[in-house]
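One letter stands for each residue in the lines below.
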Amino acid sequence: MAFEIKDIDETRAPLLDHLIELRSRLMRSIFALLIGFGICFYFADFILGFLVQPLKDAFPEGEGQLIFTKLPEIFFVELKVGLFGGFMVSFPIIANQLWAFVAPGLYANEKRAFLPFLIMTPVLFIGGAALAYYVVMPLAFLFFLGFGGETGGLQIQALPSAGDYLGLVMQFIMAFGLTFLLPVLLLLLHRAGIVTRDQLVAARRYVIVGIVAIAAIVTPPDPGTQVILAVPLLILFEGSLIIMRIQERAMKKNNAEIEDDTSDEPPKKIEASDQPAE
């Protein structure tokens, strides 16, 4: 009985070590998120001022304003700003903790294959968020404010609330940032052998329809912003196909070199001791 308990303890020991390490990585990530939240909450007014700049530029000079219809609305807006900004600030640390937990279980070639995707993820997300902030949001706000004016003798004036505006801005940034991760998803699926380049090429027309549908869903009903999102996604998709072709050529070359090295090995000499006894 003691032998069986010892065997069970030895079997559970590696699992317990992994769970302890996972808890440690999660605690560090949460701690980094809390620190980022605290810093961003302290500078919430400055961050909110940065986020409202596209709306301010869309209004005529001196006419733009944000309102709040509930007393605690601005407080919760600043909480959301702090949490949103804290996640952005702490994301490199969270990604590093994730990589530190996963990397020991990977082979050297798997690490080399996975590391570029880890680097591409924040770069593409920031690129999509920047496109949303500097290009899409100003055009979308000009489009929305263009519906104001006078109708039936009544003045129609835009009075956006701070909470609704922040929700719209976060929708823009998250939608563009996440959809720009399409190449990472496709290349990971290709690396895992789930999809091939030929399959994606054959399904190109369906992918184009899907990209247009996604652009129509995640953006407001403005044809201009939908096109601004759909065109970069199509370019990223075609770029992913090019990278897949390069990867496949490199894999074929490596396989051919391995086969050549194997074929060049001299035949193994049969020793007398290896011969079957008569």
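Rules used in this analysis
- The residue numbers shown here count from 1 along each chain, following its written sequence.
- Only residues with pLDDT of at least 70 are given local features in this predicted model, and only at 80 or more are side-chain atom pairs given and counted; all residues enter the totals for whole chains, interfaces and linings.
- To get the side-chain values, all heavy atoms of the structure are used, and hydrogens and water are removed first.
- In this text, helices come from DSSP runs of H or I with a minimum length of four residues, and strands from runs of E with a minimum of two, each type numbered from the N-terminal end.
- Think of it in three bands: with a 1.4 Å probe and only protein chains considered, a residue is buried below 20% of the maximum accessible area for its type, exposed above 50%, and partly exposed in between.
- Per-residue and other accessible areas follow the Shrake-Rupley method at a 1.4 Å probe size, with only the shown protein chains counted as cover for residues.
- Contacts: residue pairs with any heavy atoms within 4.5 Å of one another.
- Take the number of residues in a helix, subtract one, and multiply by 1.5 Å to get its expected span.
- As a per-residue measure, pLDDT tells how confident the predictor is, with possible values from 0 to 100.
- Take the buried residues of types Ala, Val, Leu, Ile, Met, Phe, Trp, Tyr and Cys, join any two whose side-chain atoms come within 4.5 Å, and each joined set is a nonpolar core.
- Bend is the name given here to the angle between axes fitted to two runs of seven residues, the run ending at a residue and the run starting at it.
- Any Lys or Arg side-chain nitrogen found within 4 Å of a carboxyl oxygen on Asp or Glu counts as a salt bridge.

**Remarks on the overall build of the protein chain**
Consideration 1: A count of helical and extended segments in the protein chain gives 10 helices and two strands.
Consideration 2: Secondary structure elements in the protein chain, listed N-terminal to C-terminal, are α-α-α-α-α-β-β-α-α-α-α-α.
Consideration 3: Within the protein chain, the proportion of its 278 residues that are buried is 28%.
Consideration 4: Here the protein chain displays about 18700 Å² of accessible surface, and carbon together with sulfur accounts for 68% of that area.

**A look at the environment of Leu233**
Consideration 1: By the secondary structure assignment, Leu233 is in helix α10 (residues 223-263).
Consideration 2: Discounting residues that sit within four places of it in the chain, Leu233 has contacts with Thr179, Phe180, Leu182 and Ile211.

**A word on the environment of Ala95**
Consideration 1: Within the element layout of this structure, Ala95 appears in helix α4 (residues 73-102).
Consideration 2: Linking Ala95 and Thr121, residues 26 residues apart in sequence, is a C-alpha distance of 9.7 Å.

**Comments concerning helix α6 (residues 162-179)**
Consideration 1: End to end, α6 covers 26 Å across 18 residues, agreeing with the expected 26 Å (1.5 Å per residue, within 8%).
Consideration 2: Within α6, the full set of buried residues consists of Ala162, Tyr165, Leu166, Val169, Phe172, Ile173, Ala175, Phe176, Gly177 and Thr179.

**With respect to the confidence of the model for the protein chain**
Consideration 1: With 86% of its residues at a pLDDT of at least 70, the protein chain reaches an overall mean of 81.
Consideration 2: Across the protein chain, the element-wise mean pLDDT spans from 73 in strand β1 (residues 149-151) up to 92 in helix α2 (residues 44-51).
Consideration 3: Every residue in residues 272-278 is under pLDDT 50, and counting partners more than four places away or in other chains gives one contact.

**A short note on the nonpolar core**
Consideration 1: With 47 residues, the main nonpolar core has Phe141, Phe172, Phe176, Phe180, Leu200 and Leu229 as its most contacted residues.
Consideration 2: Counting residues per element, this core draws most heavily on helix α5 (residues 108-145), at 11 residues.

**Side note on α4**
Consideration 1: If you check α4, its first and last C-alpha atoms are 41 Å apart, about what 30 residues at 1.5 Å a residue would give, namely 44 Å.
Consideration 2: Its maximal kink placed at Ser90, α4 deviates by approximately 50 degrees, while the proline Pro92 follows within four residues.
Consideration 3: Every buried residue of α4 is listed here: Glu73, Val77, Glu78, Val81, Gly82, Phe84, Gly85, Gly86, Ser90, Ala95, Gln97 and Trp99.

**Some remarks on the pattern of salt bridges**
Consideration 1: In this structure the tally under the stated criterion is two salt bridges.
Consideration 2: Across the salt bridge formed by Arg25 and Glu21, the nearest N and O atoms sit 3.6 Å from each other. Of this pair, Arg25 and Glu21 both sit in helix α1 (residues 2-42), four residues apart, which is roughly one turn of the helix.
Consideration 3: For Glu21, a relative accessible area of 24% gives the class partly exposed.

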